[in-house]
Amino acid sequence: MIATYNDTVASGWHNGAGVVYRPLAAALLAACPVELSGAAVLDAGSGTGAVASLAAAAGATVVAADLSPLMLAARPPGQWPAVVADVLALPFARGTFDAAIAAFLINHLDPETALRALAATLRPGGAVVASTWATGTDPVKAAVDAILVDHGWRPPAWYQDMKAVLDPVSGDPDRLAERARGAGLIDVEVWMHAENLGVRDPRAVVTYRLATPQFASWAHTLDEAVRRRLVDLAATAVAPQVCEWRPAAVFLRGRTPGYPRPRRSATRANASR
Ligand SMILES: C[S@@+](CC[C@H](N)C(=O)[O-])C[C@H]1O[C@@H](n2cnc3c(N)ncnc32)[C@H](O)[C@@H]1O
């Protein structure tokens, strides 16, 4: 079972979830070992284009790919082309891209298979750069989720599977690094990235949470008064922690064997948990 990136998720992603995903897209791009200016870049699992817009602004020639036409259609106007495609069956020949960036995509899939598919689009020495969520409990997300459970939310089957089966691998730096090497990547580095995203408004954190696919369709069915009360309660619950919030992600980079090597010396904008 896969996550449902339907119309409800698509329409709330950029403004709702983007508060969290956009700064993390910027941090992920900063870790890309390939010089973005002039590079051919694939934004895989692009969604509404958090990575694509920044890469294009940095001078890359970007192609976005996503399984959900609704997510792609909800992207703000931009100059990059987009294709509806499963990352496991990408319509691109080897050597098409200098870098493949996948922000919070491979946590939805068997990571080794997904990384191999991304690598198969690259030139020799090209870079794969990816982010996932770290395993473990995030106190801010947990505080919101507890209120949602109190109001009747129950995890959908795909989400339970993701937490039980995929997260223990994709959210663990050592295990993810092993899968990246198994996918044929070399010079693999995987590290925790826990950055203060600068979100100060507790309601923005609740809105982000409600915009994610495990909650969005359920939240959409709520009576407006119930939804407002739920947002009030959840915002009050997270308010003391929001300014210090550093959601823990896992960042990965590696490259395909062969030459030429990446054209930029790597920067590793890191932050501890
Ligand atoms: C968590 S969202 C991240 C979106 C975007 N990268 C960002 O950071 O805002 C995951 C995205 O991956 C897409 N996706 C999930 N499975 C996919 C697959 N097998 N192939 C391509 N895209 C996929 C979803 O449709 C969704 O847009």
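For the structure itself, look to the data block above.
Quick caveat: nothing in here was measured; it's all calculated off a predicted structure. (Residues numbered from 1 in each chain as written. Predicted model: local features only at pLDDT ≥ 70, side-chain atom pairs only at ≥ 80, totals over all residues. Heavy atoms only, no water.)

Draft legend 1. Just the overall build of the protein, in detail. Of regular secondary structure, the protein possesses 10 helices and 7 strands. A compact globule built from 273 residues should have a C-alpha radius of gyration of about 19 Å, and the protein, at 18 Å, falls within 12% of that. Along the first, second and third principal axes, the C-alpha atoms of the protein reach 60 × 35 × 30 Å. Within the protein, the fraction of its 273 residues that count as buried is 52%. When contacts within the protein are restricted to residue pairs at least 6 apart in sequence, those whose partners lie at least 24 apart make up 78%. Accessible surface computed for the protein: about 11,400 Å², of which carbon and sulfur atoms make up 55%. Averaging the positions of the 25 positive and the 24 negative side-chain charges in the protein gives two centres separated by 4 Å. (Helix = DSSP H or I, 4+ residues; strand = E, 2+ residues; numbered from the N terminus. Rg over C-alpha atoms; globule rule 2.2 N^0.38 Å. Buried < 20%, exposed > 50% of the residue type's maximum accessible area, 1.4 Å probe, protein only. Contact = heavy atoms within 4.5 Å. Areas by Shrake-Rupley, 256 points an atom, 1.4 Å probe, with all protein chains shown as cover. Lys, Arg positive; Asp, Glu negative; His and termini not counted. Charge placed at Lys NZ, Arg CZ, Asp CG, Glu CD.)

Draft legend 2. Representation of the nonpolar core. With 68 residues, the main nonpolar core has V20, Y21, V41, I101, W133, L148 and L210 as its most contacted residues. Element by element, the count of residues in this core is highest for helix α1 (residues 7-30), at 11 residues. One finds V63, L105, A134 and L252 within the second-largest nonpolar core, a separate group that totals 33 residues. (Core = buried A, V, L, I, M, F, W, Y, C linked by side-chain atoms within 4.5 Å.)

Draft legend 3. Inspection of the site of the ligand at higher detail. Close to the ligand lie 19 residues, the nearest being G45, D66, D86, V87 and A103. Within the side chain of D66, an N or O atom sits 2.6 Å from an oxygen atom of the ligand. In isolation the ligand has 600 Å² of accessible area, and contact with the protein removes 96% of it. (Near = heavy atom within 4 Å. Polar contact = N/O pair within 3.5 Å; in protein donor to acceptor, adjacent residues only side chain to side chain.)

That is the geometry; function is a separate question.
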